[in-house]
Amino acid sequence: MKKLYRSEHSKMLAGVCGGLGDYFNVDPTLIRLAWVVITIFPSCGFGLLAYIIAAIVVPVESRVH
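Residues numbered from 1 in each chain as written. Predicted model: local features only at pLDDT ≥ 70, side-chain atom pairs only at ≥ 80, totals over all residues. Heavy atoms only, no water.

## Here's the deal with the nonpolar core
Then, in step 1: In this structure, A14, V16, C17, L20, I31, W35, Y51, A54, A55 and V58 together form the largest nonpolar core, which totals 10 residues.
Then, in step 2: Looking at this core, the elements with two or more residues in it are α1 (16–24), α2 (28–40) and α3 (46–57).
Then, in step 3: If near-sequence neighbours (up to four positions away) are discounted, A14 is found in contact with R6, Y51 and A55. (Core = buried A, V, L, I, M, F, W, Y, C linked by side-chain atoms within 4.5 Å. Buried < 20%, exposed > 50% of the residue type's maximum accessible area, 1.4 Å probe, protein only. Helix = DSSP H or I, 4+ residues; strand = E, 2+ residues; numbered from the N terminus. Contact = heavy atoms within 4.5 Å.)

Right under this line is the structure:
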């Protein structure tokens, strides 16, 4: 069973997008770009709040293994 975690090897800030990329088997760069678009355009900062919450809630990869 797959588990969502913050990536230690593919991280830029907190590793949230890297972890999502590993979980969904997608390039983390695509997730980062989508996150930037969500943050800037339609939701007026909702993406930033969601990233902060995910960085707090999602465990770090090294703590999982």
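Once the structure has been displayed, the description carries forward.
## What about a nonpolar patch on the surface?
Then, in step 1: Together, I38, F46, L48, L49, I52, I53, I56 and V57 give the surface a local cluster of nonpolar side chains, amounting to about 820 Å² of exposed area.
Then, in step 2: With seven residues, the top contributor of residues to the nonpolar patch is α3.
Then, in step 3: Along the chain, F46 falls in helix α3. (Patch = residues over 30% accessible without salt bridge, like charges linked within 9 Å, V, L, I, M, F, W, Y side chains within 5 Å. Areas by Shrake-Rupley, 256 points an atom, 1.4 Å probe, with all protein chains shown as cover. Salt bridge = Lys/Arg side-chain N within 4 Å of Asp/Glu carboxyl O.)

## Digging into the packing of α1 against α2
Then, in step 1: Relative orientation of the contacting elements α1 and α2 amounts to 125 degrees, with a least axis distance of 8 Å. The orientation of α1 relative to α2 falls into the category oblique. Helix-helix and strand crossings are classified by hand; for α1 and α2 the assignment is right-handed. Across the interface between the two elements, V16, C17, G18, L20 and G21 from α1 touch P28, I31, R32 and W35 from α2.
Then, in step 2: For the contact of α1 with α2, a count of residues per class yields six nonpolar, two polar and one charged. (Axes fitted to C-alpha atoms, helices over the stretch in contact; angles between N-to-C directions. Parallel < 35°, antiparallel > 145°, perpendicular 65-115°, else oblique. Left-handed = near helix turned anticlockwise from the far one by under 90°. Nonpolar A, V, L, I, M, F, W, Y, C, P; charged D, E, K, R; others polar.)

Limitation: the analysis is restricted to geometry and does not speak to function.
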